[in-house]
Amino acid sequence: MSFIRIENLSKTFGGKDDSVRALKDVNLSIEKGEIFGVIGLSGAGKSTLVRCINLLERPCDGKILIDGKNILEFSEKELREERKKTAMIFQQFNLLMQRNVLDNVCFPLEIAGVGKKEARKKALELLKKVEIADKAKFYPVQLSGGQKQRVAIARALASNPEIILCDEATSALDPQTTRRILKLLKQINEEYGITIVIITHEMRVVEEICDRVAVLEKGRLVEEGEVSEVFTNPKSPAARRLILTKQSEQIEEEEESYGLG
């Protein structure tokens, strides 16, 4: 049985007269310990899907099974416990601006009732893990985008999650910084065995880090498979368009690197 299984998932926003179907009968499976990509153009339903996985958005229909259990049937208490197993990393980092780096990583530990001394010790260990311990006393405003995302990753790891959901986590970063963050996520996946779900509109992110990928278009799952298979033999028009966009971006980058742009 798959670790995360989504069955016939649908989500509609709005009322009868102005409703928008963000997800339409989506089915997919994610294995324990894999890095799974969900890709699509803007408005495809990617972020809605990832927010449904931990019930930040409650779907209208379908099932969300984590380790065989349908979390839509959980009580509030059970759901709070389940959410402790899942961490999120966002595009805009979502750091607490009034707290320094160390205290940002301590925050989820404080909520969990961990003592201050123990929390600071663990937070510092995690900052070393993501190679930003030298910025422990800095505030978010003093950090670059890549540094902020490293802090966000350390904070995500603080609660010992089984799942990390990355919602466009590299979209605000330049290509070089993106590669460093993806390398870090890959290391975390290999070291801790954490299942990572990456939501992105960038094919090169999927190509660099993901084991398998699902392609969404207008709320529907139009293709799913091994990354190498989808990239070399795309079956859906949506996947083919994304690959063409990626190839165009690569040409632009090469031209800029040679001073031709």
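Scroll up to find the structure.
Scoring rules and cut-offs
Residues numbered from 1 in each chain as written. Predicted model: local features only at pLDDT ≥ 70, side-chain atom pairs only at ≥ 80, totals over all residues. Heavy atoms only, no water. Helix = DSSP H or I, 4+ residues; strand = E, 2+ residues; numbered from the N terminus. Rg over C-alpha atoms; globule rule 2.2 N^0.38 Å. Buried < 20%, exposed > 50% of the residue type's maximum accessible area, 1.4 Å probe, protein only. Contact = heavy atoms within 4.5 Å. Areas by Shrake-Rupley, 256 points an atom, 1.4 Å probe, with all protein chains shown as cover. Phe/Tyr/Trp six-rings, centres within 6.5 Å; stacked < 30°, edge-to-face > 60°. Lys NZ or Arg CZ within 6 Å of the ring centre and 35° of its normal. Expected span 1.5 Å × (residues − 1).

Trainee: Describe the overall build of the protein, listing the residues and the values that go with them.
Mentor: Secondary structure summary: the protein contains nine helices and ten strands in total. Relative to its length of 261 residues, the protein is compact, with a C-alpha radius of gyration of 19 Å against a globular reference of 18 Å. The C-alpha extent of the protein, read off along each of the three principal axes, is 60 × 55 × 40 Å. Every one of the 261 residues in the protein was classed for burial, and the buried ones make up 48%. In the protein, of all internal contacts separated by at least 6 residues, the share reaching a separation of at least 24 is 67%. A total accessible area of about 13,500 Å² is found for the protein, and carbon and sulfur atoms account for 47% of it.

Trainee: Describe the packing of aromatic side chains, naming the residues involved and giving the relevant values.
Mentor: The tally for this structure, following the rule as stated, stands at zero aromatic pairs. Cation over ring: Lys-11 sits above Phe-13, and NZ or CZ is 5.0 Å from the ring centre. A cation over a ring is seen here: Lys-32 above Phe-3, with NZ or CZ 4.1 Å from the ring centre.

Trainee: Outline helix H4 (residues 116-129), supporting the account with residue identities and numerical values.
Mentor: Here H4 is 14 residues long and its end C-alpha atoms lie 20 Å apart, about the 20 Å a rise of 1.5 Å per residue gives. Where H4 is buried, its residues contact helix H3 (101-111) and helix H5 (145-157). Once H4 finishes, Glu-131 follows within two positions and takes phi at roughly 60°, a positive value.

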